[in-house]
Amino acid sequence: MTAVAVLGLGTMGRGMAANLVAAGHDVTVWNRTAAAAAEVDGARTASSIADAVHRQDVVLYCLSDDAAVRAVALGEDGVLAHVAAPTVVVDMSTISVALSDAEHAAYAERGIAMLDAPVFGSKGEAAAGGLWVVVGGDDDTVARVRPVLDAVSESVHHMGPAGSGARMKLVGNLLVAAQLQSLGEGLTLARAAGLDLSRVLEVVAVTDFRTPIYDGVGAAVLADDYSPNFALHLMRKDVGLIGELAEQVGAPVPGTAVAAETLDEAMAAGLGKLNASALVKVLAGRAGVELSQR
């Protein structure tokens, strides 16, 4: 049994905490809103970050953006101020590579081992313990934390040294953005060309270009279901981070710029809190077609 603190109980954190409890770990939770922390059965609710991280084997957090990580992890009263070796810190957030590297450096100065371990998947996968984790850090630290990562995931992929997980997460989200953009364009073109979208999706589901995103998002679009599993405003944030990394390493990603334009238009239309798939509404709107078959 491992003593684990889970900080932040949003879309991802609550599911992770529940699965850690189910796996038999000793779980402490903390959230800025105490009521959310109380919703995790079998976990102890901490009154503060200092209380949460005290004498833990692992402290993990999966937060929404750079600002949240800076506040919770590196802030004046954050994790860095209170954590002590041999606790391992695991950041499972999708954040900039620069901030991930800064976290590693800050924890290392205090002799604290850290992993960057962002996840693929969303609310459903988090609740089911079916996330896919990409990890950056040294072999020994990954091995120490592996039982915790296994409890929340379908698979764990050690990508290399510190920062490798953060970089892989942005590569993966580039592919997600491209698939959402291409699906929206494809469905819009199909509708404008007079095709039955149900039959279009039948073909998409069996061909060599099928993907789970096309299957799941396609069916949801036809049902006019944009309930948030991964909010559009977070996808826009991630596309910005992808652009930053691409510029840093000198790798052109022109498709990402196209997705960014569509997402910006969706944000301006007030769709930011809907699922990221709501960008297809923008593409359909440009063509003057309706994709819903509800």
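Each remark here, short or long, concerns the structure printed above.
Structural notes, computed from the coordinates.

Thresholds, definitions, all that
Residues numbered from 1 in each chain as written. Predicted model: local features only at pLDDT ≥ 70, side-chain atom pairs only at ≥ 80, totals over all residues. Heavy atoms only, no water. Salt bridge = Lys/Arg side-chain N within 4 Å of Asp/Glu carboxyl O. Helix = DSSP H or I, 4+ residues; strand = E, 2+ residues; numbered from the N terminus. Buried < 20%, exposed > 50% of the residue type's maximum accessible area, 1.4 Å probe, protein only. Polar contact = N/O pair within 3.5 Å; in protein donor to acceptor, adjacent residues only side chain to side chain. Pairing = 2+ DSSP bridges. Right-handed = clockwise from strand over helix to strand, strands pointing away. Axes fitted to C-alpha atoms, helices over the stretch in contact; angles between N-to-C directions. Parallel < 35°, antiparallel > 145°, perpendicular 65-115°, else oblique. Contact = heavy atoms within 4.5 Å. Nonpolar A, V, L, I, M, F, W, Y, C, P; charged D, E, K, R; others polar. Expected span 1.5 Å × (residues − 1).

### Some remarks on the pattern of salt bridges
One side chain can pair with another of opposite charge once the charged atoms of both are near each other.
Next, step 1: According to the stated counting rule, one finds seven salt bridges in the structure shown.
Next, step 2: Arg-70 is paired through a salt bridge with Asp-66; the nearest N and O atoms lie 3.9 Å apart. Taken together, the residues Arg-70 and Asp-66, both in helix 4 (residues 66–74) and four residues apart, mark about one turn of the helix.
Next, step 3: The class of Arg-70 is partly exposed, set by a relative accessible area of 44%.

### What to know about the side chain of Ser-153
Next, step 1: Relative to the helices and strands, Ser-153 is located in strand 9 (residues 153–160).
Next, step 2: Of note is the side chain of Ser-153, whose polar atom sits 2.8 Å from the backbone oxygen of Leu-149.

### Section: the pairing of strand 9
Next, step 1: Relative to strand 9, strand 8 (residues 131–136) runs parallel, the two sharing six bridges. Bridged to Val-134 within strand 9 is His-157.
Next, step 2: Note that the unit made of strand 8, helix 8 (residues 139–152) and strand 9 has a crossover that is right-handed.

### A closer look at the packing of helix 13 (residues 254–268) against helix 14 (residues 279–287)
Think of two packed helices as two axes; the pair is described by the angle between the axes and how far apart they sit.
Next, step 1: With their axes 8 Å apart at the nearest point, helix 13 and helix 14 run at an angle of 90° to one another. Relative to helix 14, the element helix 13 lies roughly perpendicular. Taken together, the residues of helix 14 that come into contact with helix 13 (itself represented by Glu-261, Thr-262, Leu-263, Glu-265 and Ala-266) are Leu-279, Val-282, Leu-283 and Arg-286.
Next, step 2: Along the lines of polarity and charge, the residues of the contact of helix 13 with helix 14 split into five nonpolar, one polar and three charged.

### A word on helix 1 (residues 13–22)
Next, step 1: Burial in helix 1 covers these residues: Gly-13, Gly-15, Met-16, Ala-17, Asn-19 and Leu-20.
Next, step 2: Phi for Gly-24, located one or two positions after helix 1, is positive at around 95°.

### With respect to unusual backbone geometry
Next, step 1: Ala-85 connects to Pro-86 through a cis peptide bond whose omega is 10°.
Next, step 2: You can see Pro-86 is positioned in the loop between helix 5 (79–82) and strand 5 (88–91).
Next, step 3: Positioned with a positive phi, Arg-55 is a non-glycine residue whose angle comes to about 60°.
Next, step 4: Secondary-structure assignment places Arg-55 in the loop between helix 3 (49–53) and strand 4 (58–61).
Next, step 5: Look at Asp-224: it is not a glycine, yet its phi comes out positive at around 55°.

### What about the environment of Lys-169?
Next, step 1: The residue Lys-169 is located in helix 9 (residues 164–192) in this model.
Next, step 2: A relative accessible area of 7% places Lys-169 in the buried class.
Next, step 3: Between the C-alpha atoms of Lys-169 and Asp-138, which are 31 residues apart in sequence, the distance is 18 Å.
Next, step 4: For Lys-169, the contacting residues outside a window of four places in its chain are Thr-94, Pro-118, Val-119, Phe-120 and Val-134.

### Comments concerning helix 9
Next, step 1: Look at helix 9: 42 Å from first C-alpha to last across 29 residues, which is about the 42 Å you get at 1.5 Å a residue.
Next, step 2: Positive phi shows up at Gly-194, right after helix 9, with a value of about 90°.

### Here we look at the pairing of strand 5
Next, step 1: Residues Val-88 and Val-90 line one face of strand 5 and the alternating positions Val-89 and Asp-91 line the opposite face, and both faces are buried.
Next, step 2: Strand direction decides the pairing type here: strand 4 and strand 5, joined by four bridges, are parallel. In the strand pairing of strand 5, Val-59 is matched with Val-89.
Next, step 3: Relative to strand 6 (residues 113–116), strand 5 runs parallel, the two sharing four bridges. Following the sheet pairing, Asp-91 is matched in strand 6 by Asp-116.
Next, step 4: Viewed along the sheet, the connection from strand 5 through helix 6 (residues 97–109) into strand 6 turns out right-handed.

### A closer look at the packing of helix 10 (residues 197–204) against helix 11 (residues 212–222)
Next, step 1: Packing of helix 10 against helix 11 leaves a shortest axis separation of 10 Å and a crossing angle of 175°. By the angle between their directions, the pair helix 10 and helix 11 is classed as roughly antiparallel. Judged by residue contacts, Leu-197, Ser-198, Leu-201 and Val-204 of helix 10 engage Tyr-214, Gly-218, Ala-219 and Leu-222 from helix 11.
Next, step 2: A breakdown of the residues in the contact of helix 10 with helix 11 according to their chemical character gives six nonpolar, two polar and no charged.

### A closer look at the side chain of Gln-181
Next, step 1: Among the secondary structure elements, Gln-181 is positioned in helix 9.
Next, step 2: By relative accessible area, Gln-181 is classed as buried at 6%.
Next, step 3: In this structure Gln-181 touches Val-258, Ala-259, Thr-262, Leu-279 and Leu-283, once residues within four positions along its chain are discounted.

Functional significance is not addressed by these values, which are geometric in nature.
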